[in-house]
Amino acid sequence: MAKPIELKGRAVVIRDKDGKPIDDIDTDMIFHNKYLHIKKIEEMGQYTFDNLEGWKDFAKKAQKGDILILGANFGAGSSRQQAVDCFISLGIQLLIAKSFGAIYKRNAINAGLPILQADIIDEKKLIETGDELVVNLQTGEIKNLTKNHTFKTEGMSQVQMDIYQAGNLFEYAKTL
Amino acid sequence: MGQTIIEKIFAAHSKDDIKPGKIIWLDLDVRSARDFGGANVIANLRKYYPNEEKLENKAKTVFTFDTVVPAKNVGYAENQQIIRDFAREEGIRVFDSEWGIGSHILIEEGYCVPGATVVGTDSHLNIMGCIGAFGQGMGDQDIAFGMKAGKTWFEVPPTMKVIIEGELQPPCSAKDLTLAIIRKLTSKGALGKAIEFEGKAIEKLSFAGRITLASMVTEMGGIIGFIPPNEEIISYSKARAKSDFTPYFADEDAKYVEEVVVDISDLRPLIAKPYKPDNVVEVASLEKEKIHVDSAFLGSCTNGRYEDIKVAVDMLKGIEVAKDTVMKIVPATRRVLGDLIKNGDLQVLFEARTVVSNPGCAGCASGQIGMTGKGEVQVSTGNRNFKGKQGSGMTYLCSPETVTASAITGYITSPENI
Ligand code: SF4
């Protein structure tokens, strides 16, 4: 079954208490190494961001289908796959960051978690937590229905789309 | 618009549009795994593709054993046997414990040629830039996919240019040039970028010197560093290649994100102090401290060629290393060892009271030769001196000339004084 190209969901904007984007969120803040023994994806979600100042209760507040808006160098640090899987576990639909750590990007794409690179988190008036978004993964158009504003960014590459549609990297190889 | 070397190699191996920042599908000429990650790669292939063909092309898939060879404990022995069994089942080539460092084997045995694309489980696989090929180390899931699909995805990096002014004067060698570049760039200077090296000193580098420089691009933070192949490199590869190949060179109007000039006209022998490869100073500045050297290591994928070891042979003719110093020499490959035997060099090294072992990564990968104990000072021709990397001692990185000079006197010594 083909995965949707257009995603609809609630924005959750990861800023600090002063409203500034939090850059360089590393994999230890996303999924702390004390939980690395956990093997089941379903159990990972509850620990997401529990080491990130101001967002320790994220897992409780997150809703299935949420779209995260993030700062620069998201997922820096280790090659920990769990830092991607915990979002899949919570049903987060999409991550939109200013930029991603190189290994994190590989892991997210390989796991079939859609990501977009877009510099929108600084637009405080144009995007806030709770806004309704419609995002086209192919064109990169991000429509904020609540604020009636559209961001034009770059869509996913063919590679990301191929893997996303197949489910993950290993599933994609079976389609070849 | 003009293209850089990596853009040309990628364009020849992809149907996608090649632009820095773009993620593309990249066809792979060689997919490899070592004795360390190899067993995990196989576990992934077995798990995800239990009842189907696991390899896209057997002739392009190879395993190389180099981290701990021959296996020194049961864990390594078992991983190696998993690989042998799988390779026999599938009919693919294993370069077993006698062969040496995988990245060198891939070039020596004609798998990797100028312009080729290579992946493997070795984080220094970008060494392939030494002959103008693309190489990249990846995790075991990525490599399993590469073996199954024959391709991988990759984000096209921007290219920076590093221009060398001046020429190398003995006793400085390729390692000193490399450390001079790391001193300038630091460990982050090339982060996320491909490098193209340029300048007279670069053109004059031998095959061994090119290996030294390319192998330490990882320590500059770079994705890969290309040294445009000259006639010598092209004919070396031609003599070994399994099929035709095309070397790629940058266009005149190629676009670079940055240009860095490194002037080596006043270069003196350099050394990286523990525990960071970019902690570089002149060897001479350490001499008055008379830092006692417990062990001197000559080898690794950075300086394990015949030419590197010949430096020690020439310097040690007729003398012994210092009384309280052990010198350990590990050829990169079996062919290097073969040349040492043929040319009578082993006799000299034996009489100089050095340890010469079979080829491999040795202490760099926690193998037999080159591990250090607490408080032990080691001078090494390797590429990393992080805390705990080669045991609990302190490792200084320098050239074969400086390692040998220090082994002769027993303390850290510049070859200028020998
Ligand atoms: S010598 Fe060290 S850096 Fe080089 S391939 Fe072996 S383990 Fe890696």
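In this text, all values refer to a predicted model and were calculated from it rather than measured experimentally.

A word on the nonpolar core
Within the largest apolar cluster, 79 residues are counted, with the highest numbers of intra-cluster contacts made by A:F49, A:F58, A:F74, A:F87 and A:L95. Taken domain by domain, the makeup of this core includes at least three residues from each of domain 1 (5-154) and domain 2 (159-263) of chain B. Not counting residues up to four positions away in its chain, the partners in contact with A:F87 are A:I30, A:T48, A:F49, A:F58, A:L68, A:F74, A:I92, A:L95, A:Y104 and A:L113. Within the second largest apolar cluster, 60 residues are counted, among which are B:C130, B:A180, B:I202 and B:I211.

Topic: the sheet that holds strand 4 (residues 93-95) of chain B
Sheet strands line up and pair through hydrogen bonds in the backbone, either parallel or antiparallel. Residue and element names in this part refer to chain B. Strand order in this open sheet of 5 strands is 4-3-2-5-6, and the pairing throughout is parallel. Each having just a single partner strand, strand 4 and strand 6 (134-137) make up the two edges of the open sheet. In this sheet, neighbouring strand axes are inclined to one another by 20° on average, regardless of whether the strands run parallel or antiparallel. Pairing geometry for strand 3 (residues 61-64) and strand 4, over 3 bridges, is parallel. By the bridge assignment for strand 4, F63 is matched with V94. Contacting strand 2 (30-34), strand 3 and strand 5 (117-120), helix 5 (residues 140-149) crosses the sheet at an angle of about 140° to strand 2.

Description of the environment of A:H32
Residues and elements named next belong to chain A. For H32, the location among the structural elements is in the loop between helix 1 (27-30) and helix 2 (41-44). The class for H32 is buried, based on a relative accessible area of 19%. Separated by 17 residues in the primary sequence, H32 and F49 place their C-alpha atoms 8.1 Å from one another. Setting aside residues no more than four positions away along its own chain, H32 makes contact with T27, D50, N51 and R80.

Cut-offs applied
- Residues numbered from 1 in each chain as written.
- Chains lettered and ligands numbered in written order.
- Predicted model: local features only at pLDDT ≥ 70, side-chain atom pairs only at ≥ 80, totals over all residues.
- Heavy atoms only, no water.
- Core = buried A, V, L, I, M, F, W, Y, C linked by side-chain atoms within 4.5 Å.
- Buried < 20%, exposed > 50% of the residue type's maximum accessible area, 1.4 Å probe, protein only.
- Domains from an automatic or database assignment.
- Contact = heavy atoms within 4.5 Å.
- Pairing = 2+ DSSP bridges.
- Helix = DSSP H or I, 4+ residues; strand = E, 2+ residues; numbered from the N terminus.
- Axes fitted to C-alpha atoms, helices over the stretch in contact; angles between N-to-C directions.

Purely geometric numbers; function is a separate question.
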